[in-house]
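Observations on the model geometry
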Amino acid sequence: MKQLIAVSLLAALATGCAHHNNVRPAEDGKHYVNLTSETREKAAEEAIDQANHFCEESGSHQAYVINEQVTYMGSMSEDEYLRNRNLANAVEAAGVGMAIFGRNAVDDVGTAMMIGGGIAEDSMGEPYQINMSFSCR
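Structure report, in brief. For every chain, the first residue of the written sequence is number 1, and numbering continues from 1 onward in sequence order. The model is predicted, so local features are restricted to residues of pLDDT at least 70 and side-chain atom pairs to those at 80 or more, both for listing and for counting; the totals for chains, interfaces and linings are taken over all residues. Excluded from the side-chain calculation are hydrogens and water; included are all heavy atoms of the structure.

Further remarks concern the overall build of the protein chain. Think of it this way: any DSSP run of H or I at least four residues long counts as a helix, any run of E at least two long counts as a strand, and we number them from the N terminus. Across its full length, the protein chain holds four helices and four strands. Whether a residue is buried, partly exposed or exposed follows from its accessible area with a 1.4 Å probe, protein chains only, as a fraction of its type maximum: under 20%, in between, or over 50%, in that order. Counting only residues that meet the buried cut, the protein chain has 28% of its 137 residues in that class. Residue pairs at least 24 apart in sequence account for 74% of intrachain contacts in the protein chain once pairs closer than 6 positions are excluded. In this analysis, two residues are considered to be in contact whenever any of their non-hydrogen atoms come within 4.5 Å of each other.

Following this line, the structure appears as structure tokens:
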């Protein structure tokens, strides 16, 4: 079981590599990034990471943000989404602790909580959309 957790964490870290598949280049030098994410912070981080990666591959040093707009597009209210997301994260974190440190049936319950919390979190989708324009310098 602990090996499964280690492999899952390694896979999650490996998928965090920089890329820029959401960048839309423009001839006038004002490029765009449009993507969705599960939090406002992650949306902004991913957008600037993709913009910087695009600029580096284009021979520039970094991206300079011209305009940025993050919009909540979820089906439930934003407060309800954040409350449910925090609850799912708490269940998942408690499950990880129980799976690692528990004995006998406790680690099985912890694994179930960890998986259930992750499923609940993933089922809420990525309701934050960011539209960012930038130039490379």
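For the rest of this paragraph, the subject is the nonpolar core. Within soluble globular proteins, side chains that are nonpolar tend to cluster in buried spots. Only buried residues count toward a nonpolar core, which is a set of Ala, Val, Leu, Ile, Met, Phe, Trp, Tyr and Cys residues joined through side-chain atoms within 4.5 Å. Of all hydrophobic cores here, the largest spans 12 residues; its members are Val 23, Val 33, Leu 35, Ala 43, Ala 47, Ala 51, Phe 54, Cys 55, Ala 63, Ile 130, Met 132 and Phe 134. Those elements that provide at least two residues to this core are β2 (31–37), α2 (40–57) and β4 (128–136). The element best represented in this core is α2, accounting for five residues. Residues contacting Ala 51, with those up to four places away along its chain left out, are Val 23, Val 33, Ala 63, Met 132 and Phe 134. Residues Tyr 72, Ala 88, Met 124 and Tyr 128 belong to the second largest nonpolar core, which totals five residues.

Pairing between strands is defined by DSSP: at least two bridges between the two strands are required. Strand order in the open sheet formed by four strands is β1-β2-β4-β3, and the pairing between neighbours is antiparallel. Looking at which strands have only one partner, the edges of the open sheet turn out to be β1 (23–24) and β3 (63–72). By the bridge criterion, seven bridges tie β2 to β4 in an arrangement that is antiparallel. Within β4, the residue paired with Ser 37 across the bridge is Tyr 128. In this analysis, axes come from line fits to C-alpha atoms, helices being fitted only over the stretch in contact, and the angle between any two N-to-C directions falls in the range 0 to 180 degrees. Along the sheet, α2 makes contact with β1, β2, β3 and β4, crossing β4 at roughly 30°.

Multiplying one less than the number of residues by 1.5 Å gives the expected span of a helix. If you check helix α4 (residues 105–123), its first and last C-alpha atoms are 27 Å apart, about what 19 residues at 1.5 Å a residue would give, namely 27 Å. For α4, every residue scored as buried is listed here: Asp 107, Gly 110, Thr 111, Met 114, Gly 117, Gly 118 and Glu 121. Along the long axis of α4, the arc covered by the buried residues comes to 130°, so they all point the same way. Along α4, exposed side chains directed more than 90 degrees from the buried face belong to Ile 119 and Ser 123. Positive phi appears at Gly 125, one or two residues downstream of α4, with a value of about 75°. Arc, as used here, means the arc of the directions from the helix axis to the C-beta atoms.

Our focus in this paragraph is unusual backbone geometry. In this model, Asn 104 sits at a positive phi of 55°, which is unusual for a non-glycine residue. Summarising the element assignment, Asn 104 is placed in the loop between α3 (78–101) and α4. For Asn 104, a relative accessible area of 70% corresponds to the exposed category.

Turning to α2, a few remarks are in order. The end-to-end C-alpha distance of α2 is 26 Å, a good match for the 26 Å that 18 residues give at a rise of 1.5 Å each. Along α2, the positions that sit buried rather than exposed are Ala 43, Ala 47, Gln 50, Ala 51, His 53, Phe 54 and Cys 55. Immediately downstream of α2, the backbone of Gly 59 shows phi near 95°, a positive value.

The subject of this paragraph is the packing of aromatic side chains. The aromatic pairing rule takes the rings of Phe, Tyr and Trp, using the six-membered ring of Trp, and pairs them if the centres are within 6.5 Å, calling planes under 30 degrees apart stacked, those over 60 edge-to-face and the rest tilted. Summed over the entire model, instances satisfying the criterion amount to four aromatic pairs. Where Tyr 81 meets Tyr 128, the ring centres are 6.0 Å apart and the plane angle is 70°; that geometry is what we call edge-to-face. Here Tyr 81 is found in helix α3, whereas its partner Tyr 128 is found in strand β4, with 47 residues between them in sequence. The same class applies to Tyr 81 as to Tyr 128, namely buried. By way of ring pairs, the aromatic residues Tyr 72, Tyr 81 and Tyr 128 are connected into one cluster.

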